[in-house]
Amino acid sequence: ATTPPSLGARRAAHVQAHAKQCQDALALYPPTESARALGTTRVTTRAIATGGGGGDRGVPVGVLSTNEPVFSRDACEAVIAEAEAEAAAGGGWSTTRHSRHPAADVSLERLPRTRAWLSTELHGCLAPLLSTWFPALLPEPSALRVLDGFVVRYLWEAGQIELPTHRDGSLLTINIALNGDGAFDGGGTLVEHAAERAVAQTGGVIAHASAARHAGAPIRRGVRYILVAFCISAANVEHGRRFLEEGVALAAAGRLGEAEATLRAAIGDDPSLQAAHFNLGHVLRAKGQPSRARASYEAALSLDGGLGASRYQEAIIGLASVLPRAAAALAVAQRAVAADGASAEARIALAVHLSAAQRERVGAAAGAEVLAAFDAADELARTDEQRADSRHQRARALFADNLVAESLSQFELSLSADASVAQVHAGRAVCLFELGRTDESLAAFAKALGLAPADGEIRAQGEAVAAYAGKPAFFRSRQ
Ligand SMILES: O=C(O)CCC(=O)C(=O)O
Ligand SMILES: [Fe+2]
């Protein structure tokens, strides 16, 4: 293995990357003479969520929305027309930016007329607006730069109905509604901690800190178009965010030691980066250091300065998972449910820790109380991911009680919501093996390994079943 670059070297690399991004942004979106000043449009704005942002460093979690259109219907229609024409001319709509239920998009790199239009509106109108909304992130409007932009299309009939919860990899996100007026039902931007779903009218603008977790809410009919612009500030290199992104990538690659050092650097740069504390908690947990993990989760929890119930919960849920005794973990999960009774994640955690506590007490997991807790979790699930997780966890509790057939049916229900999780395929495979359905078990292991070829535990289990079935080469022939 090569020695990883030092933190200092990476800090210097951040400065260079930032300078290059700002330079590219100015080339793509040059300031123009004709910039239209916001003053002429007289928009009023309202906060859909507030919090943070008072200090220099806190991530503002506010979501702001204009009450009136900022852009004309004609301007919006011209953007849609250029995107549709460009897609029709060859490249099509792309669905690679997000993995699941992807809305489709066309990069602004392919849309010169839209870029020229955005350039004008950016410097004259949007930058002052954002600077007023987020003074801590963008004290000086002229520092605003567009890192990346897309016209995004949600199309009901193509199954492209939503974007799952995510963060954008920038400082500020601008979201312009390009259509509306009954063209779709549902939709809008769902920022996790916000009191309501933000749906702007045609030509209206929504903006939020890119670090705030958010989703494109599912449409239930029709077609929805938005323009999203991911922005940075020329005056802010954002070492914290960059270290955080690197740390998360290192953790995902299993390089836990480097991930830990990198996440600590992120926190050193910006102690209010709650996500860095969470991820450090996850890394320390994976390193088998539960008490240090606990300290990180506690640190994340102590940052609950208006940062939203779900972030709070994520830490509580993580904390519950590193507490040595099921009963203590259960008490923490109960806190999460009390903090937000509508959170599916908290309900899932409650059901999981309830079943573990039950097992610790009476030797069996899946009593009526536990099953009711899983029912409640399933009912609250808003996304397929949450539905799949609640069923997955229920399947595991049932399996722990030796209720194999019931467990199998929950694994299958989980897969019907989301078939992309290797562990669920593997759990189903184990059930099938226990039930004597060996060939189906092998097929299920093959699916699991297709999704997670590097998972040693699944591979070992699969190979054991293959050996038992007299097919020792079953997985080897599949690499
Ligand atoms: O649909 C929305 O309003 C959210 C879009 C979004 O989050 C994105 O494109 O990154
Ligand atoms: Fe986004």
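Quick note: structure is the one above.
Figured I'd write up the structure that's included with this text. Keep in mind that this is a model prediction, so the values were computed, not measured.

Conventions and cut-offs
Residues numbered from 1 in each chain as written. Chains lettered and ligands numbered in written order. Predicted model: local features only at pLDDT ≥ 70, side-chain atom pairs only at ≥ 80, totals over all residues. Heavy atoms only, no water. Helix = DSSP H or I, 4+ residues; strand = E, 2+ residues; numbered from the N terminus. Buried < 20%, exposed > 50% of the residue type's maximum accessible area, 1.4 Å probe, protein only. Contact = heavy atoms within 4.5 Å. Areas by Shrake-Rupley, 256 points an atom, 1.4 Å probe, with all protein chains shown as cover. Donors = N, O, S within 2.8 Å, 3.2 Å for Na, K, Ca; no water. Pairing = 2+ DSSP bridges. Axes fitted to C-alpha atoms, helices over the stretch in contact; angles between N-to-C directions. Near = heavy atom within 4 Å. Polar contact = N/O pair within 3.5 Å; in protein donor to acceptor, adjacent residues only side chain to side chain. Nonpolar A, V, L, I, M, F, W, Y, C, P; charged D, E, K, R; others polar. Expected span 1.5 Å × (residues − 1). Arc of directions from axis to C-beta. Phe/Tyr/Trp six-rings, centres within 6.5 Å; stacked < 30°, edge-to-face > 60°. Parallel < 35°, antiparallel > 145°, perpendicular 65-115°, else oblique. Left-handed = near helix turned anticlockwise from the far one by under 90°.

1. Observations regarding the overall build of the protein
Check the secondary structure of the protein and you find 16 helices and 11 strands. In the protein, which comprises 479 residues, the share counted as buried stands at 50%. Long-range contacts, defined as pairs at least 24 residues apart, comprise 67% of the intrachain contacts of the protein with a sequence gap of at least 6. When the accessible area of the protein is evaluated, it comes to approximately 20700 Å², of which 54% is carbon and sulfur surface.

2. Notes on the coordination of the iron ion (ligand 2)
Coordination sphere of the iron ion (ligand 2), protein contribution only: His166 (NE2), Asp168 (OD) and His214 (NE2), at 2.1 to 2.3 Å. One chain supplies every donor for the iron ion (ligand 2), spaced along it as H-x1-D-x45-H. A residue pair is termed long-range when its members are at least 10 positions apart, and His166 in strand 5 (residues 163-166) and His214 in strand 10 (residues 214-216) qualify at 48 residues.

3. With respect to the environment of Ile316
Mapped onto the elements of the fold, Ile316 is located in helix 8 (residues 309-322). Look at Ile316 and you get buried, because its relative accessible area is 0%. Expressed as a C-alpha distance, the spacing of Ile316 and Ala346, which sit 30 residues apart in the sequence, is 8.7 Å. Apart from residues no more than four positions distant in its own chain, Ile316 is found in contact with Leu301, Val332, Ala333, Arg335 and Ala336.

4. Some details on the sheet that holds strand 5
Read from one edge of the open sheet, three strands run 5-10-8, paired in antiparallel fashion. The open sheet has two edge strands with one neighbour each: strand 5 and strand 8 (189-191). Adjacent strand axes in the sheet meet at a mean angle of 15 degrees when their direction is disregarded. Here strand 8 pairs with strand 10 via three bridges, running antiparallel. Bridge pairing in strand 10 places Thr189 opposite Gly216.

5. Topic: the environment of Gln393
With respect to the element layout, Gln393 can be found in helix 12 (residues 384-400). In this structure the C-alpha to C-alpha distance between Gln393 and Val424, which are 31 residues apart in sequence, comes to 9.4 Å. Leave out the neighbours within four places in its chain, and Gln393 touches Ile348, Val352 and Phe374.

6. So, the site of ligand 1
If you check the shell around ligand 1, you find 14 residues, and the closest are Tyr154, Asn175, Thr189, His214 and Arg224. Between Tyr154 and ligand 1, the recorded distance is 2.4 Å, taken from a side-chain N or O atom to an oxygen atom. A distance of 3.1 Å separates an oxygen atom of ligand 1 from a polar atom in the side chain of His166. Surface burial for ligand 1 is 99%, taken as the share of its 300 Å² of free accessible area covered by protein chains. It is strand 11 (residues 219-233) that provides the largest number of residues to the shell around ligand 1, a total of four residues. Here the shell around ligand 1 is built from residues that sort into five nonpolar, six polar and three charged.

7. Topic: unusual backbone geometry
Apart from glycine, the bulk of residues carry a negative phi angle, and the bulk of peptide bonds sit in the trans form. Backbone geometry places Asp181, a non-glycine residue, at a positive phi of 50 degrees. Within the secondary structure, Asp181 sits in the loop between strand 6 (172-177) and strand 7 (184-186). Positive phi, close to 70 degrees, is recorded for Asn402, a residue that is not glycine. Within the secondary structure, Asn402 sits in the loop between helix 12 and helix 13 (404-417). Note on Asn402: relative accessible area 62%, which makes it exposed.

8. Notes on helix 15 (residues 438-451)
The end-to-end C-alpha distance of helix 15 is 20 Å, a good match for the 20 Å that 14 residues give at a rise of 1.5 Å each. Residues Thr438, Ser441, Leu442, Ala444, Phe445, Ala448 and Leu449 constitute the buried set of helix 15. End-on view of helix 15: buried residues confined to an arc of 165 degrees, all on one side of the axis. Exposed residues lying more than 90 degrees from the buried face of helix 15 are Asp439 and Gly450. Looking at the buried positions of helix 15, the neighbouring elements they touch are helix 14 (422-434) and helix 16 (456-468).

9. Brief notes about the packing of aromatic side chains
One pass over the structure, following the stated rule, counts six aromatic pairs. Pairing Phe71 with Trp117 gives two aromatic rings, centres 5.0 Å apart and planes at 65 degrees, and the pair type is edge-to-face. Taken together, the residues Phe71 in the loop between strand 2 (63-66) and helix 2 (73-88) and Trp117 in helix 3 (residues 112-133) connect sequence positions 46 residues apart. A relative accessible area of 18% means that Trp117 is categorised as buried.

10. Section: the packing of helix 10 (residues 344-362) against helix 11 (residues 368-380)
The N-to-C vectors of helix 10 and helix 11 enclose an angle of 165 degrees; their axes lie 8 Å apart at closest approach. Regarding the angle of helix 10 to helix 11, the classification is roughly antiparallel. Where helix 10 crosses over helix 11, the handedness of that crossing is left-handed. Packed against helix 10, whose contacting residues are Ala344, Arg347, Ile348, Ala351, Val352, Leu354, Ser355 and Gln358, the element helix 11 presents Glu369, Val370, Ala373, Phe374, Ala376, Ala377 and Leu380 at the interface. Looking at the contact of helix 10 with helix 11 residue by residue, the classes come out as 11 nonpolar, two polar and two charged.

11. Brief notes about the packing of helix 11 against helix 12
In the contact formed by helix 11 and helix 12, the axes pass within 8 Å of each other and the chain directions differ by 165 degrees. On the basis of the axis angle, helix 11 is roughly antiparallel to helix 12. Where helix 11 crosses over helix 12, the handedness of that crossing is left-handed. Within the contact between the two elements, helix 11 uses Leu371, Phe374, Asp375, Ala377, Asp378 and Leu380 and helix 12 uses Gln386, Arg387, Ser390, Arg391, Gln393, Arg394, Ala397 and Leu398.

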